[in-house]
Amino acid sequence: MVVRNQNESQQPGQCSDGSQGQDKEEVEGPENRLRILFIDAYDSFSNNIIALLSECLDTTANPYSIKSIKINDREFFKKSRHAFHEYLANSFDAVVVGPGPGNPTKPSDVGIIRYLWSLSDERTLPVLGICLGFQCMCIAAGAGIRHLRKPRHGQITEVVHSNKSIFAGVGEIKATQYHSLHVGLDHDIQIKKEVKVNSDLWEPSDEFPLLEPLAWDSSDKPNGAVLMAAKLRGRPFWGVQYHPESICTNAEGKKIIDNWLREAKAWLRQNRPKGKAQAVRTGVSSPTSWKRAAPNDVSEDQGHAKKQQSGVDGNGMPLHKDTGRFSILGLVDEKTIKLHYYMSERRVVVTRGSEDDIIMEHTEVDFWSLLADFKSRFVADGGDDNVPFWGGCFMTVNYEACLETIGVNATEQEIKPRANQLTQPDITVVVILRSVVIDHQYKKVFVQSITPGDQKWLRRTGNKLKESMEVSEAKFERYYMRDMTGGRSTWNYGRVSTEEPQEEDYKGKVRQCQAYIQSGDSYELCLTDQTVVHVPQAGNVVAKDWQLYENLQKQNPAPFGAYVHLGAKGTGLTIISSSPERFFNWSRSGKCQFRPIKGTMRKTAGTTRRDADEFFQSVKERAELLMITDLMRHDLQGVLSDTAGAGTVKVPKVFHIEEHQTVYQQMSVITGNLRGTGKTGIDVLRASLPPGSMTGAPKKRSCELLQQIEGYRARGLYSGILGHFDVGGGGDFSVVIRTAVKWDEDTTMEEPRRPGCAPVAMGKWRIGAGGAVTALSTPKDEFEEMVVKRNSVLHPMLNLLQ
Ligand SMILES: C=C(O[C@@H]1C=C(C(=O)O)C=C[C@H]1O)C(=O)O
Ligand SMILES: NC(=O)CC[C@H](N)C(=O)O
């Protein structure tokens, strides 16, 4: 539920129609509030619509409230139309029906929306339908629903309109569309009869005299004329097919919200008897803290610090200044506390050191509440503000645990059992008391501990690091963690083999995705598959794995590189990652950002930045990113919309191109501010999983479809998130892509090739890869894109292994 309230104390201001304070008398609720119900069809743009409504309402004199309920709201879905009508009459003055996946003729896709159109005259109230909501309104008036020849997801076109009703005074509209279906009116312009005068466009068709067209889009020949907006005659119902709230719809396209509010209020003034019900309020609470400790910087080495640099150039400077400035090492030892969450039993196990040393265990817990509580007690201040991590927690969340947060849980029989599902946790949190942070830009090393009285370790580590640096006079160079590799630079890995996705199979899955997009069930689906590399586990496995990571960093440097080794019985896990994608980051002062990537261009010899600029001009690539950008705005709005942070959601960068070792990627930045909202970065994380760039839109339906298309195989850590949050209040998480993951318990014994020899322990590195499928994709290109991304990890591994 999302509620946005405005204080009654707000000063009267200018109304959207230019009149001073006149709206004051228009409002009907007992508190003189305009009470709006938003019906959410599980879309990934709903919160953007609510934010736009709030923005428009903020410029009027009236207090207001917006309440959001789902199409299958338990109160009404199973009960009756009558109960819903009662509820509307008692509690609301107007309704906005949102967009969503599926087909408006299918009861399960529209739920209670279908009750709306049969409101009695006395109870009727103004309605605005958007996309799916608009289609529902039109079929209630008898119109048909057709499939577009070419679906229009994330595409922006010019729309012609009547300049009347909710389009009065509106200029040239550039409208973002997200639909596969459209309304068939059998209007002359749709059945290719000549339309003699322009005004004929705005006359209802003979078949559907109640539906008055207000806007058309004829920009695409195969689709013909597509109805973009209409008004239901005799009722205060309006609707638009395009998405006024999208970041790429122009200001004129958004004006219809102001106009609808004006029309709705005018209608209420004339028709509505005084309302009776109370508006809804929400409260916000502030986090509390009890522990304070000061991190210590003991070693600052100007000019010669070195480490496993994550995406730095030959001079040790970050390749990606905005994101790749720091390397962070969290140290794990025999006292380290870890939290493991096992989704199947909702069990949290807290261990110290070895996994046998269980210090706490709970079942049936809500992991995220437990984490929020834990985090709120684990705070410190007084560290250097330029250092993003003072100590705190490292955390990984696998894709299945992300799905749990949005209620997508395939049944147990459907999920192909992961090896040792009960021993591999879905979420791992590691408490990091001692850490080393390297600032590549200013060439400083920070050795830190948040354990009081840890001076001895700080001194020893600082000295050891200084010693282990291979210093060349003026340069910032690499150094190796000698104790891990034992100084070896080549290893014999023995026999190595791979299992890879098959081209025809993958292309078939791309086609399945496109069938769902064609039917209106999804706008974009991020299809993925898995490659497994079998590697013998002999000798100093940790040192060998470290070297795989070093080599990956050398051959495919990335700003969110990560090496993780959590060695323990059952939960032994190694991750080598070269992710280019930040999921979510928040600073200690509350500034936060998403940085989704969508759109991939392979680099070949001679590819230039100019080629990339040209490539990313394409409608397909832009549409892919636009959808995810709008989705992430929605995710962030969802947390901030009932707080003072609501107006802070911005998109400072969109369609921005980033260069990486093997690919160019297109990305955007979505920012907000948590300060003063009572919300934390963890609240946003929980509300925004799984990362939209790994699911597609709308998120929930797309995830359900992907589980089925991908054969219910768990994605595991791939597609999940990995990162840290610190005791000072900040955090940073990447999307787990371009990453290989190995669980100790996934190791199997294989028969020796030569008789008489001992069986070989084979470990499995799993590398996920995929890409966004839209109506404009081709199966061949999608397969190639998946292979390019996969190879950015697989090739550096095989180069060393074979
Ligand atoms: C799915 C992957 O990447 C995701 C999909 C992208 C795309 O569709 O262009 C780009 C970056 C990631 O968000 C992957 O790397 O495996
Ligand atoms: N954005 C939407 O509401 C989409 C509506 C419908 N599922 C379609 O594809 O046409």
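Structure: see above.
Residues numbered from 1 in each chain as written. Chains lettered and ligands numbered in written order. Predicted model: local features only at pLDDT ≥ 70, side-chain atom pairs only at ≥ 80, totals over all residues. Heavy atoms only, no water.

**Description of the overall build of the protein**
Working step 1: Helix and strand counts for the protein come out as 17 helices and 33 strands.
Working step 2: Scored against the burial criterion, the 802 residues of the protein give a buried share of 59%.
Working step 3: Within the protein, contacts between residues at least 6 apart in sequence are counted, and of these 74% link residues at least 24 apart.
Working step 4: For the protein, the accessible surface area stands at approximately 31600 Å², while carbon and sulfur atoms represent 48% of it. (Helix = DSSP H or I, 4+ residues; strand = E, 2+ residues; numbered from the N terminus. Buried < 20%, exposed > 50% of the residue type's maximum accessible area, 1.4 Å probe, protein only. Contact = heavy atoms within 4.5 Å. Areas by Shrake-Rupley, 256 points an atom, 1.4 Å probe, with all protein chains shown as cover.)

**Points about the pattern of salt bridges**
Working step 1: Tallied over the full model, the rule gives 43 salt bridges.
Working step 2: Across the pair Asp186 and Arg146 runs a salt bridge, and its minimum N-O distance is 3.5 Å. Of this pair, Asp186 sits in the loop between β7 (173-184) and β8 (211-217) while Arg146 sits in strand β6 (residues 144-161), and the two are 40 residues apart along the sequence.
Working step 3: A relative accessible area of 26% means that Asp186 is categorised as partly exposed.
Working step 4: Across the pair Asp439 and Arg325 runs a salt bridge, and its minimum N-O distance is 2.7 Å. With Asp439 in strand β17 (residues 434-439) and Arg325 in the loop between α6 (251-271) and β11 (326-330), this pair connects stretches of sequence that are 114 residues apart.
Working step 5: On the basis of relative accessible area, Asp439 is assigned to the buried category, the value being 3%. (Salt bridge = Lys/Arg side-chain N within 4 Å of Asp/Glu carboxyl O.)

**Some remarks on the sheet that holds strand β18 (residues 444-449)**
Working step 1: One open sheet holds the three strands; their spatial order is β11-β17-β18, and the pairing between them is antiparallel. At either margin of the open sheet sits one strand with a lone partner, and together these are β11 and β18. If you compare each strand with its neighbour and ignore which way they point, the axes differ by 15° on average.
Working step 2: Bridge count between β17 and β18: six bridges; the pairing is antiparallel. Residue pairing across strands places Val437 opposite Phe446, the latter belonging to β18. (Pairing = 2+ DSSP bridges. Axes fitted to C-alpha atoms, helices over the stretch in contact; angles between N-to-C directions.)

**A look at the site of ligand 2**
Working step 1: Taken together, 14 residues lie around ligand 2, and Gly100, Gly102, Cys131, Tyr178 and Leu181 are the ones closest in.
Working step 2: At a separation of 2.9 Å, an oxygen atom of ligand 2 approaches a polar backbone atom of Leu132.
Working step 3: Note that a nitrogen atom of ligand 2 is positioned 3.1 Å from one of the side-chain N or O atoms of His243.
Working step 4: For ligand 2, whose free accessible area comes to 290 Å², the fraction covered by protein is 100%.
Working step 5: Of all the secondary-structure elements, those providing two or more residues to the shell around ligand 2 are α5 (132-140) and β7.
Working step 6: It is β7 that contributes the most residues to the shell around ligand 2, four residues altogether.
Working step 7: Considered class by class, the residues forming the shell around ligand 2 number seven nonpolar, seven polar and no charged. (Near = heavy atom within 4 Å. Polar contact = N/O pair within 3.5 Å; in protein donor to acceptor, adjacent residues only side chain to side chain. Nonpolar A, V, L, I, M, F, W, Y, C, P; charged D, E, K, R; others polar.)

**So, the environment of His243**
Working step 1: Tracing the backbone through its elements, the reader meets His243 in the loop between β10 (237-240) and α6.
Working step 2: When the C-alpha positions of His243 and Phe45 are compared, they lie 8.9 Å apart, and in sequence the two are 198 residues distant.
Working step 3: With near-sequence residues (within four places) excluded, His243 lies in contact with Asp43, Phe45, Pro99, Cys131, Thr176, Tyr178 and Thr249.
Working step 4: Here the side chain of His243 touches Glu245 through a polar contact of 2.7 Å, side chain to side chain.

**Describing the side chain of Thr176**
Working step 1: Within the element layout of this structure, Thr176 appears in strand β7.
Working step 2: Classification of Thr176 as buried rests on a relative accessible area of 0%.
Working step 3: At a separation of 3.1 Å, a polar atom in the side chain of Thr176 contacts the side chain of Ser246.
Working step 4: Non-local contacts of Thr176, meaning those with residues more than four positions away in its chain, are made with Gly154, Gln155, Ile156, Tyr242, His243, Ser246, Cys248, Thr249 and Leu626.

**Quick notes on the site of ligand 1**
Working step 1: Surveying the vicinity of ligand 1 reveals 18 residues, the closest of which are Glu581, Gly599, Thr600, Tyr718 and Arg738.
Working step 2: The backbone of Gly770 places a nitrogen or oxygen atom 3.0 Å from an oxygen atom of ligand 1.
Working step 3: For ligand 1, an oxygen atom lies 3.5 Å from a polar atom in the side chain of Lys789.
Working step 4: Compared with its free state, where it exposes 390 Å², ligand 1 has 100% of that area covered by protein.
Working step 5: Residue assignment for the shell around ligand 1 shows that the elements contributing at least two residues are β25 (597-602), β33 (760-773) and α17 (779-801).
Working step 6: Looking at the shell around ligand 1, its residues break down into seven nonpolar, six polar and five charged.

**Section: the nonpolar core**
Working step 1: In terms of nonpolar packing, the biggest core is built from 77 residues, with Phe367, Trp368, Met395 and Leu685 touching the most fellow members.
Working step 2: Ranked by the residues each element gives to this core, the list is headed by helix α14 (residues 619-640), at 10 residues.
Working step 3: A domain split of this core shows at least three residues from each of domain 1 (3-271) and domain 2 (326-731 + 738-801).
Working step 4: Counting 40 residues, the second-largest nonpolar core is a separate cluster that includes Ile69, Val97, Leu119 and Trp202. (Core = buried A, V, L, I, M, F, W, Y, C linked by side-chain atoms within 4.5 Å. Domains from an automatic or database assignment.)

**So, the packing of α14 against helix α15 (residues 681-688)**
A packed helix pair is summarised by two numbers, namely the angle formed by the two axes and the spacing between the axes.
Working step 1: Following both chains from N to C, one finds α14 and α15 inclined at 130°, their axes separated by 9 Å at the closest point. The orientation of α14 with respect to α15, classified from their angle, is oblique. Crossing geometry of α14 relative to α15 is assigned as right-handed. Side by side, α14 and α15 meet where Asp635, Leu636 and Val639 of the first sit next to Asp683, Val684, Ala687 and Ser688 of the second.
Working step 2: In terms of residue class, the contact of α14 with α15 is built from four nonpolar, one polar and two charged. (Parallel < 35°, antiparallel > 145°, perpendicular 65-115°, else oblique. Left-handed = near helix turned anticlockwise from the far one by under 90°.)

**Some points on unusual backbone geometry**
Glycine aside, residues mostly have negative phi, and peptide bonds are mostly found in the trans state.
Working step 1: Looking along the chain, the bond that leaves Leu689 and enters Pro690 is cis, with omega of -10°.
Working step 2: Note that Pro690 resides in the loop between α15 and β28 (696-697).
Working step 3: Pro698 follows Ala697 through a cis peptide bond whose omega is -15°.
Working step 4: Inspection of the secondary structure puts Pro698 in the loop between β28 and α16 (699-709).
Working step 5: Although it is not a glycine, Ser165 sits at a positive phi angle of roughly 50°.
Working step 6: The topology assignment puts Ser165 in the loop between β6 and β7.
Working step 7: Unlike most non-glycine residues, Tyr712 shows phi in positive territory, near 55°.
Working step 8: The topology assignment puts Tyr712 in the loop between α16 and β29 (721-726).

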